[in-house]
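Structural characterization, general
Next come the chains, spelled out residue by residue.
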Amino acid sequence: MVTTATKVPVKPLGDRIVVQPLEAEQTTASGLVIPDTAKEKPQEGRVLAVGPGNWDEDGEKRIPLDVSEGDIVLYSKYGGTEVKYNGEEYLVLSARDVLAIIEK
C-alpha cells in the first residue's frame, strides 16, 4: 500500500521535521511471527512536514533541509520527541537525527 504525504496539523519550526513512524516487521525473514514484546522501536518513517530550516550565521537566509515531504527516512533510534495529536502519533525530529533517505 502506497500512501502520500498528508496535511498535518503540526507545523515544525527551524530544522525540525514531523515523521510518521512506519510499523516494524511482524515476521522474520524465515516466517516466524514476532510478538509485540520483542519488537524493536521503529527507525523508519514517512516525512509528513518539514520546517523552514535554521538561519545562516549572518541571520540573513534560511538553510534548507535535505529531506522533503513524502520521503522515507531512517532516523536515530532514540532521537526525536513522540507526539500524540488528534489520535495520531507523530515523531518530531531535528534534521540531524535523520541518518538517511531510503529510496524504494
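Rules behind the numbers
- Residues numbered from 1 in each chain as written.
- Predicted model: local features only at pLDDT ≥ 70, side-chain atom pairs only at ≥ 80, totals over all residues.
- Heavy atoms only, no water.
- UniProt positions renumbered as here; feature names shortened; annotations may be inferred.
- Salt bridge = Lys/Arg side-chain N within 4 Å of Asp/Glu carboxyl O.
- Helix = DSSP H or I, 4+ residues; strand = E, 2+ residues; numbered from the N terminus.
- Buried < 20%, exposed > 50% of the residue type's maximum accessible area, 1.4 Å probe, protein only.
- Pairing = 2+ DSSP bridges.
- Axes fitted to C-alpha atoms, helices over the stretch in contact; angles between N-to-C directions.

Taking an unreviewed UniProt entry as the reference, the protein chain is identified by name as Co-chaperonin GroES belonging to Nonomuraea bangladeshensis. UniProt annotates the protein chain under Subcellular location (unreviewed entry) with the comment "Cytoplasm". Turning to the protein chain, the UniProt record has this under Sequence similarities (unreviewed entry): "Belongs to the GroES chaperonin family."

1. As for the pattern of salt bridges
Overall, the coordinates contain 1 salt bridge when judged by the stated rule. Of the charged contacts, one joins aspartate 15 and arginine 96 as a salt bridge, the two residues approaching to 3.7 Å between their closest N and O atoms. With aspartate 15 in the segment before β1 (16-21) and arginine 96 in the loop between β5 (88-94) and β6 (98-102), the pair connects residues that are 81 residues apart, well separated along the chain. Residue classification places aspartate 15 among the buried residues on the basis of a relative accessible area of 11%. For arginine 96, a relative accessible area of 67% corresponds to the exposed category.

2. A few points about the pairing of strand β4 (residues 81-85)
Taken together, the 5 bridges between β4 and β5 define a ladder with antiparallel strand orientation. Looking at the pairing, valine 83 lines up with tyrosine 90 of β5.

3. Some remarks on the sheet that holds β5
Sheet architecture is open: 6 strands sit in the order β4-β5-β1-β2-β3-β6, paired in antiparallel fashion. Two strands in the sheet have a free side with no partner beyond their single neighbour: β4 and β6. Direction aside, neighbouring strands of the sheet carry axes that sit 45° apart on average. In this sheet, strand β2 (residues 44-50) lies alongside β1 in antiparallel orientation, the contact comprising 5 bridges. Note on β2: the bridge partner recorded for glutamine 20 is arginine 46.

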